[in-house]
Amino acid sequence: MAAALNIQKGTSKLSAYDLRDPNADIEERHTLAVIVDNEPGVLARVIGLFSGRGYNIDSLTVAEVDHTGHTSRITIVTTGTPAVIEQIKAQLGRIVPVHEVHDLTVEGPSVERELALFKVKSSGEKRVEALRLADIFRANVVDSTLESFVFEITGTPQKVDAFGELMRPLGLIEMARTGVAALSRGT
Amino acid sequence: MTQMTGAKMVVQALRDQGVEVIFGYPGGAVLPIYDEIFQQNDIQHILVRHEQGAVHMAEGYARSTGKPGVVLVTSGPGATNAVTGITDALMDSIPLVVLTGQVPTFMVGNDAFQEADTVGITRPCTKHNWLVKETDKLSETIHQAFHVATSGRPGPVLIDIPKDVQFATGTYQSARQAGKGHYSPRVKGDLEMITHLVEALETAERPIFYTGGGVINSGDAATQLLRELVDATGFPVTSTLMGLGAYPASGKNWLGMLGMHGLYEANLAMHDCDLMINIGARFDDRITGRVADFSPNSRKAHVDIDPSSINKTIRVDFPIVGDVAHVLEDMLRIWKSRGRKVNKEGLTRWWAQIAEWRKVDCLRYRNSDKIIKPQYALERLEALTKHRTDRYICTEVGQHQMWAAQFLGFEAPNRWMTSGGLGTMGYGLPASIGVQIAHPEALVINVAGEGSWLMNMQEMGTAVQYRAPVKQFILNNERLGMVRQWQSLLHGNRYSHSWSEALPDFVKLAEAFGCKGIKCEDPADLDDAIQEMLAYDGPVIFDCLVEKHENCYPMIPSGEPHNKMLLGDDTGEDAIKAGGAVLV
Ligand SMILES: Cc1ncc(C[n+]2csc(CCOP(=O)(O)OP(=O)(O)O)c2C)c(N)n1
Ligand SMILES: [Mg+2]
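Residues numbered from 1 in each chain as written. Chains lettered and ligands numbered in written order. Predicted model: local features only at pLDDT ≥ 70, side-chain atom pairs only at ≥ 80, totals over all residues. Heavy atoms only, no water.

Enquirer: So what's going on with the domain arrangement of chain A? Residues and values would help.
Expert: Residues and elements named next belong to chain A. Structurally, chain A comprises domain 1 (22-103) and domain 2 (110-184). Using only C-alpha atoms to locate each centre, domain 1 and domain 2 end up separated by 28 Å. Facing 7 residues of domain 1, the contacting portion of domain 2 comprises 8 residues. Summed over both sides, the interface between domain 1 and domain 2 buries roughly 540 Å², with carbon and sulfur atoms accounting for 44% of that surface. Interface area lost by domain 1 to domain 2 is led by Arg-29, Thr-61 and Arg-73, which between them contribute 54%. (Domains from an automatic or database assignment. Contact = heavy atoms within 4.5 Å. Buried area = accessible area lost by both parts, 1.4 Å probe.)

And the structure:
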């Protein structure tokens, strides 16, 4: 069935495509890395594509990564059926300032990290418990007052989620997340 | 390195790109460019009456020549008026370069007079667009714009040029000096996949070529190769509305157009085939009908230069990304080198089956000697003009458009200009002027509906000014016929706002514009009236009063599969089921 999917040979190190049913209705989560010219409007083009065609964006980050080549890397986490994921990649690929589209989820093992800041307001036992959990999660205290902490945590989105869940009953009042940055492992 | 103003650069870059004609309308934000246009003679400027008209003219020019069309309009309302045309070109993959003026850079974002966020508004309806903020970047951007518009899947691009950038002086780069950027779509198809497809061609019992506008966009080589492949294999061939003319209508393997108003034999062959070879078409919803029941027993191949077209709606077994001409060349070569095999017995049975379907005679209609039937009008137009190899046909949108596609035959590519993807009423009249400007000696006819024609009728002024002898052949049913047809099939004959109570007198209108008007309402007079139109050396508005209640068949109701086609005799009220009613 691999032929029925529009996949160029060699893009899949683990031949994960062969394992996927192209007609499945099951939604998958994919992390895409999109290398674009760093020019005005390029982010609007990418976001406009997702909203115009009704695709999901779970997370999106962007920053210039090659100063001399003026290219930026946009990391998008999206969900969709296998057919929709293939469409998303093809549609991204036809945006003129897009150089490359990588599906990190199928191209082999990859690492994903996200940074988050959590503001927790509490006192007494709760305040101590928050600090103790932060230690377990290797979160740093980057600001403290007598009744609040701001924790900084880095990790997979799942780890950040888990930490947030634990902080909720302990006085979480505000949070900020960067969204996912991701790279494939190895060279 | 030559120094010049931005305005001069625009003209110089167009000249460098070999542009001969531009379609435009002036205004404050493009005055420096108009001043440069005034001072030269290489590029002809056609002054339109409305910016939408300029874009459709450029589309007509582009479709009939294969070259990109160029448009120049002012900021704000000039740009917004162009949006419909730009979207039309995007949907039908027509290469256009649209230049818009913008308020000066230091006023951008201040709600200045006639400021609009043109790149923002046109981002989703262009293939790419640019706001040029420095004169030094202007010429390079224009050259890149031509490259993007014409390579890969063609489409409209737009360059927004603030007025201070037009006035300032900068360095001009020629087309050769300017970089093309990294944009270079792949044109060669995967040879392994093409070989698999050839293997399938050799054994298929019920194959069909399903061709589209991509063949025409690919160029003359693609048309030649398609004809060679079809004739050598003996396979039947059908085409979308966009692809008419790539394979000649007189060719022996021609089944006629497919789709919602396509021919019975073409649609049933699509439904029953065992191998479908899609070349440069995109499985549009006008073609597939209900996707789940689309050609259920076939293996499918899809050749397309745009990877996002493949597997978008219909999963295919042989996906081939590449330019049609390149892929067809490889396909033919491989098929020949493997001994030119086809399944002869299978094909014989297949053609026998097609002959059965043809007996249905799906385009039959009840003629009348009292009133002109629209089908009859087109049959006569065809009979009286088909000997003209330089005949170009444009249409508006509606029933007349579908009848034109059914009843007129196209022997060559680039002779048929119609708004397919967007279905833009008001396309045909300006498009016909664009075609005529490109081919001054040719016979250019716009088959129109009276409703659509009124949408851009101001462009008759342009036709008269530039002595473009376009023939406006209006099938006047005094109805928004296609809307009426849907209301009769879907909304219990409640004809809500689908007719006009105050149509103009088209003959007087012609006189007012300074051209010729002809009115015909008796079938007995029709031939003479058409001859009079053809003989007149100038623009003509032909008001052909036709039967007001005719419906266009065959028709696949929305949401139905190909084998649930309505023919002329079944005019049932509940022909469209509830599920299909929500579709357009
Ligand atoms: C700009 C625009 N508005 C509305 C429509 C919807 N529409 C499709 S066909 C049609 C009627 C066209 O009437 P006419 O031009 O007289 O052609 P006929 O169907 O009568 O041949 C309408 C309103 C459209 N396609 N384009
Ligand atoms: Mg009408």
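Following the structure, the description resumes.
Enquirer: Would you mind going over a nonpolar patch on the surface in detail, with residue names and values included?
Expert: Nonpolar side chains collect at one region of the surface, where Leu-115, Leu-117 and Val-142 of chain A lie side by side and expose about 210 Å² of accessible area between them. You can see Leu-115 of chain A is positioned in strand S5 (residues 110-121). (Patch = residues over 30% accessible without salt bridge, like charges linked within 9 Å, V, L, I, M, F, W, Y side chains within 5 Å. Areas by Shrake-Rupley, 256 points an atom, 1.4 Å probe, with all protein chains shown as cover. Salt bridge = Lys/Arg side-chain N within 4 Å of Asp/Glu carboxyl O. Helix = DSSP H or I, 4+ residues; strand = E, 2+ residues; numbered from the N terminus.)

Enquirer: Describe the coordination of the magnesium ion (ligand 2), with residues and values.
Expert: Residue and element names in this part refer to chain B. Note on the magnesium ion (ligand 2): its protein donors are Glu-450 (OE), Glu-450 (OE), Asn-477 (OD1) and Arg-479 (O). The metal-donor distances range over 2.1 to 2.7 Å. Note that the magnesium ion (ligand 2) binds 6 donor atoms; their angles at the metal cover 50 to 173 degrees, and the shape is irregular. Sequence spacing among the residues donating to the magnesium ion (ligand 2) works out to E-x26-N-x1-R. With a gap of 29 residues between them, Glu-450 in helix H18 (residues 450-455) and Arg-479 in the loop between strand S18 (471-476) and helix H20 (481-490) connect regions that are remote in the sequence. Taking relative accessible area as the criterion, Arg-479 reaches 16% and is therefore assigned buried. (Donors = N, O, S within 2.8 Å, 3.2 Å for Na, K, Ca; no water. Tetrahedral: all angles 85-135°; square planar, octahedral: opposite > 155°, others 65-115°. Buried < 20%, exposed > 50% of the residue type's maximum accessible area, 1.4 Å probe, protein only.)

Enquirer: How would you explain the confidence of the model for chain A if you had to name every residue and give the values?
Expert: Residue and element names in this part refer to chain A. When pLDDT is averaged along chain A, the result is 89, and 88% of the positions lie at 70 or above. Summarising per-element confidence for chain A, the mean pLDDT is lowest in strand S2 (residues 59-66) (95) and highest in strand S7 (residues 148-155) (98). Confidence drops under a pLDDT of 50 for residues 1-18, and excluding neighbours within four residues, the segment shows 36 contacts in the predicted structure. (pLDDT = per-residue confidence, 0-100.)

Enquirer: Just give me the short version of the interface of chain B and chain A, but keep the residues and values in it.
Expert: Across the contact, 23 residues belong to chain B and 22 residues belong to chain A. Summing both sides of the interface, chain B and chain A together bury roughly 1800 Å²; the carbon and sulfur share of this comes to 49%. Three residues stand out in chain B for area buried against chain A, namely Arg-123, His-182 and Arg-315 of chain B, and they jointly supply 34% of the buried area on that side. Taken together, chain B and chain A are joined by 1 salt bridge. The partner of Arg-94 of chain A in a salt bridge is Asp-306 of chain B, and the shortest N-O contact between them spans 2.9 Å. Our count for the contact surface shared by chain B and chain A stands at 6 residue pairs in polar contact (both at pLDDT 80 or more). Of all the secondary structure elements, the ones that give two or more residues to the side of chain B that touches chain A are strand S6 (128-131), helix H8 (191-203) and strand S14 (318-321) of chain B. Taken together, the residues that form the side of chain B that touches chain A break down as 8 nonpolar, 5 polar and 10 charged. (Polar contact = N/O pair within 3.5 Å; in protein donor to acceptor, adjacent residues only side chain to side chain. Nonpolar A, V, L, I, M, F, W, Y, C, P; charged D, E, K, R; others polar.)

Enquirer: How would you summarise the site of ligand 1 if you had to cite specific residues and measurements?
Expert: Residue and element names in this part refer to chain B. Of all residues adjacent to ligand 1, which total 17 residues, the nearest are Gln-399, His-400, Gly-423, Ser-452 and Gly-481. A distance of 3.2 Å separates an oxygen atom of ligand 1 from a polar side-chain atom of Glu-450. Between Arg-479 and ligand 1, the recorded distance is 3.0 Å, taken from a backbone N or O atom to an oxygen atom. Broken down by secondary-structure element, the contributors of at least two residues to the shell around ligand 1 are helix H16 (399-407), H18 and H20. (Near = heavy atom within 4 Å.)

Enquirer: Requested: an account of the packing of aromatic side chains, with residues and values cited.
Expert: Applying the stated criterion to the full structure yields 15 aromatic pairs over all chains. Residues Phe-137 of chain A and Phe-163 of chain A carry aromatic rings whose centres are separated by 5.2 Å and whose planes lie at 50 degrees to one another, so their mutual orientation is tilted. With Phe-137 of chain A in the loop between helix H3 (124-136) and strand S6 (140-144) and Phe-163 of chain A in helix H4 (residues 157-167), the pair connects residues that are 26 residues apart, well separated along the chain. According to the relative accessible area criterion, Phe-137 of chain A is buried, its value standing at 17%. In this structure Phe-163 of chain A comes out as buried when scored by relative accessible area, which is 0%. With a centroid separation of 5.5 Å and an interplanar angle of 35 degrees, the aromatic rings of Phe-149 of chain A and Phe-151 of chain A are classed as tilted. Its relative accessible area of 0% is what places Phe-151 of chain A among the buried residues. A cation over an aromatic ring shows up here: Arg-391 of chain B above the ring of Phe-410 of chain B, its NZ or CZ 5.7 Å from the ring centre. (Phe/Tyr/Trp six-rings, centres within 6.5 Å; stacked < 30°, edge-to-face > 60°. Lys NZ or Arg CZ within 6 Å of the ring centre and 35° of its normal.)

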